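For reference, the chains in residue letters:
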Amino acid sequence: IALALCAIALATPAVAKPLITSSEETTAQLCLDREAEGERLIAICTEALSDPGVSEQQTTEVQAILGDELLYIGRREDAAEHFKAALAGDPGNVMALNGMGWVHWYLDEEAVAATYFQQSVDLRPTAQGRAGLASSLWRSGQVEAEVAFTYLDAAVAVDPEYTWAARERGWLLLEADRGEEALAEFVKVIAEVGTDWNAEYGRSRALSSLARYEEALEAANAAILIDAEVPWAYAQRSFVLRALGRNAQALTEAKRVLEMAPEASTGHLQKALAERALGRRADAIATFAAADEAGVADDLLLYWYADVVTDENDLPRARALIERAIALDPGDPDHHLLRSWIALQ
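Residues numbered from 1 in each chain as written. Predicted model: local features only at pLDDT ≥ 70, side-chain atom pairs only at ≥ 80, totals over all residues. Heavy atoms only, no water.

*Asks:* Any details on the state of the cysteines? Residues and values, ideally.
*Replies:* If you walk through the whole model with that rule in mind, you get one disulfide. Residue pairing for Cys31: its cysteine sulfur links by disulfide to Cys45, the two sulfurs lying 2.1 Å apart. What sets the handedness of the Cys31 and Cys45 disulfide is the S-S torsion sign, and at about 100° it is right-handed. Linking Cys31 in helix H2 (residues 27–32) with Cys45 in helix H3 (residues 38–49), this pair joins segments that are 14 residues apart in sequence. The buried category is assigned to Cys31, whose relative accessible area is 0%. Cys45 gets classed as buried once you look at its relative accessible area, which sits at 0%. (Disulfide = S-S within 2.5 Å. Helix = DSSP H or I, 4+ residues; strand = E, 2+ residues; numbered from the N terminus. Buried < 20%, exposed > 50% of the residue type's maximum accessible area, 1.4 Å probe, protein only.)

Given below as structure tokens:
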């Protein structure tokens, strides 16, 4: 009870901790020294920007730090504005260049992200810059996987504790269909840092790619125990349960994903595939149609939508759906195979 009352008191504006606690401190110096984190650091840096005594050079650094902290808590649009302001004051600000790289990386604009990371690495080859460049170049199709791995290895050499690079190496290996190697990378990260949602989720994905579904289920459960608010591990658990023939449970998990992230295609897809596995094909088609009407259908969802409609022998509709999937991802061979099958029918 005492702890609860203390927490309430601290949350009350009248007794909130001031941004500056010493007459020798300034908000600019606190910001530059990163003497706080999260919302408190954001408040300190924001106040520092209004201090008339802050130099232009300090202002640039404050903008970059503010952008970095906003990016960390997911406020990417706000972060981008501060990174741009920092770069206007100093086009060679490495933190801001990396920051803009990550902003575009999160927007799936990897080719643009690569240009920022390349500028950053040319100025100072930090672990973050090298890792971001590796991922961006590979994901935008500008380099082969082995080149990306070289960049990631260099990032880890600069900072052995930068686990993002090791995890990204795992994801790149997984996407290159090198499941055993990907699994080894995720296991290595977990051994080094202990609790890591991304690595446990990656471990589950790698294990399921190797058809080791019981182990994949255990890894998905481990990810959920670490952070129960992220929907993607539930989607993975739905997939694994379906692979194990536990379709009713898979449907329950899919519905949970749909409630948590209705704007993403994943929950709709897993729900429809679980319904199909339960023999409820009409329900599956209705789920696919609802996702399509909601505007959340991606090429993978359209592929499976076309596949289910093909089972209904509605070939013109199936053909239209797979054509849309191909338009979204022309390079996926499975899309073309399904189109060939539909044409053959």
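*Asks:* So what's going on with the packing of helix H17 (residues 281–293) against helix H18 (residues 299–311)? Which residues, and what values?
*Replies:* Put simply, H17 and H18 touch, their axes get as near as 10 Å, and they point 145° apart. Where H17 crosses over H18, the handedness of that crossing is left-handed. Each of Arg281, Ile285, Phe288, Ala289, Ala291 and Asp292 in H17 lies in contact with H18, whose residues at this interface are Leu301, Leu302, Trp304, Tyr305, Val308 and Asp311. For the contact of H17 with H18, a count of residues per class yields nine nonpolar, no polar and three charged. (Axes fitted to C-alpha atoms, helices over the stretch in contact; angles between N-to-C directions. Left-handed = near helix turned anticlockwise from the far one by under 90°. Contact = heavy atoms within 4.5 Å. Nonpolar A, V, L, I, M, F, W, Y, C, P; charged D, E, K, R; others polar.)

*Asks:* Summarise the layout of surface pockets; cite the residues concerned and give the values.
*Replies:* Taken as a whole, the second largest pocket spans an internal volume of roughly 150 Å³. Lining of the second largest pocket is provided by 13 residues; of these, Val156, Ala166, Glu185, Lys188 and Glu192 occupy positions nearest its centre. Those elements giving two or more residues to the lining of the second largest pocket turn out to be helix H9 (145–158), helix H10 (163–175) and helix H11 (179–193). Here the residues of the lining of the second largest pocket are counted per class, giving seven nonpolar, one polar and five charged. (1 Å grid on protein atoms, 1.4 Å probe; cavity = no way out; pocket = protein on both sides within 12 Å on 5 of 7 lines; lining within 4 Å. Points joined across faces, edges and corners; volume = space filled by probe spheres on them.)

*Asks:* Explain the side chain of Gln270 to me, and be specific about the residues and the numbers.
*Replies:* One can find Gln270 in helix H16 (residues 265–277). According to the relative accessible area criterion, Gln270 is buried, its value standing at 9%. Apart from the residues within four sequence positions on either side, Gln270 is in contact with Ala235, Ser238, Phe239, Arg242 and Ala254.

*Asks:* Which residues make up unusual backbone geometry, and what values go with them?
*Replies:* Leave glycine aside and you will find that most residues have negative phi; peptide bonds, for their part, are mostly trans. Of note, the phi angle at Asp177 is positive, near 60°, even though the residue is not glycine. The residue Asp177 is located in the loop between H10 and H11 in this model. For Asp177, a relative accessible area of 71% puts it in the exposed group. Unusually for a residue other than glycine, Asn313 sits at a positive phi of about 65°.

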